[in-house]
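Below, each chain spelled out in residue letters.
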Amino acid sequence: MDLKEIKEGIINNDKRAIAKAITMIEENNPAIYEILNDFKEFIGKARVIGITGPPGVGKSTLISKLISEGIKRSEKIGVLLVDPSSPISGGALLGNRIRMIENSTHKDVYVRSFATRGWMGGLSKPISEAINVLEASGKTIIFIETVGAGQIETEIAKKADIVIVVLMPYSGDEIQALKAGLMEIGDIYVINKSDLDKVRNLHVILRTTLGVEKTKRTIYVSALYNEGIKELFDLIDSCWEEYIKTGEIERRRKERIKNELIEAINDSIQRFIRAFITNNKLIQELTDKVYSKEITSVNAKKILINELNRKFNLN
């Protein structure tokens, strides 16, 4: 497919074109930006819902049920699942969870897995551009599921309009609830597997830790038995309407744009650093000198930083 075909395919909700575009984003193919630059009018068309929480609480199953409910409501749905990469091989599960999700082949549903590839915060680097592609394809709601690595997942708050934190009894969430980070970014708290006991204890801990106002949107569901899903979707809708009226969505989206600009700066700096480090003989020389006690590590660091400043005219 050429760029024109990909662009037209995305606008016409062609899954093959969407997949091609997102692959180009993942591969850092510069040609993709010729397409994305033409999608300015579509930015912000979809509600972006982040779903996070500790591993094993049923996030993927919950998304599956939300998709089914969204189809009933004539929503056009995008789902971005972020899988952890192995720090050794770089591999990821990629695609395994897609097969577990109901209606993933529905004409109005597009589901894609990403590998984190070392990207911090429980997300994958291409997420922002992938959101833009899905918006251009006509999606009205986009769910993003983070890797489920606990409290490092706070980055989702910089990408989503609304953040859902999923918890369950017997998973250690009672202790997690006492910690900052992940728990503080939630707009909606879902206590999954409500068929188990101790769910009320977890709710009490949430209210005690975060306060009544912060946890006013707490809901019990059982994704396994499809209980509470309609009510959760209604809660997402009501939260959205409230945030639109108060200007919170506008504030968050402006903050998202600012964070993306900062990410671009950080990426450029990292490229400079990688270029400086790669096959740099000075680093090895300094390593040998520090080891042989010719110089101290403090002096070695000063020499290296001075060389970095000189090379990139940073003074």
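Before reading further, recall that the structure is shown in the block above.
Residues numbered from 1 in each chain as written. Predicted model: local features only at pLDDT ≥ 70, side-chain atom pairs only at ≥ 80, totals over all residues. Heavy atoms only, no water.

S.K.: Account for the packing of helix H8 (residues 229-246) against helix H9 (residues 248-277), with residues named and values stated.
M.R.: As a packed pair, H8 and H9 sit with axes 5 Å apart at the nearest point and diverge in direction by 85°. Put simply, H8 runs roughly perpendicular to H9. Touching Trp240, Tyr243, Ile244 and Thr246 of H8 are Glu248, Ile249, Arg252 and Arg253, all from H9. Its residues assigned to classes, the contact of H8 with H9 comprises four nonpolar, one polar and three charged. (Axes fitted to C-alpha atoms, helices over the stretch in contact; angles between N-to-C directions. Helix = DSSP H or I, 4+ residues; strand = E, 2+ residues; numbered from the N terminus. Parallel < 35°, antiparallel > 145°, perpendicular 65-115°, else oblique. Contact = heavy atoms within 4.5 Å. Nonpolar A, V, L, I, M, F, W, Y, C, P; charged D, E, K, R; others polar.)

S.K.: Residue-level account of the packing of aromatic side chains, with values.
M.R.: Counted by the stated rule, this structure contains one aromatic pair. Geometrically, the ring pair formed by Phe39 and Phe42 is edge-to-face, given 5.7 Å between the ring centres and 80° between the ring planes. Positioned over the ring face of Phe114 is Arg112, at 5.9 Å from the centre of the ring. (Phe/Tyr/Trp six-rings, centres within 6.5 Å; stacked < 30°, edge-to-face > 60°. Lys NZ or Arg CZ within 6 Å of the ring centre and 35° of its normal.)

S.K.: How would you sum up the sheet that holds strand S1 (residues 47-52)? Please name residues and give values.
M.R.: Pairing is parallel across the open sheet formed by seven strands, whose spatial order is S3-S2-S4-S1-S5-S6-S7. In this open sheet, the two edge strands, each paired with only one partner strand, are strand S3 (109-115) and strand S7 (218-220). When strand polarity is set aside, the average angle formed by the axes of neighbouring strands in this sheet is 20°. When strand S5 (residues 162-167) meets strand S6 (residues 188-191), the two strands line up parallel, connected through four bridges. Considered in S6, the bridge of Leu167 is made with Ile191. Strands S1, strand S2 (77-83), S3 and strand S4 (141-145) of the sheet are contacted by helix H5 (residues 127-136), whose axis makes an angle of about 160° with S2. (Pairing = 2+ DSSP bridges.)

So, to be careful, I would describe these as geometric facts and stop short of saying anything about function.
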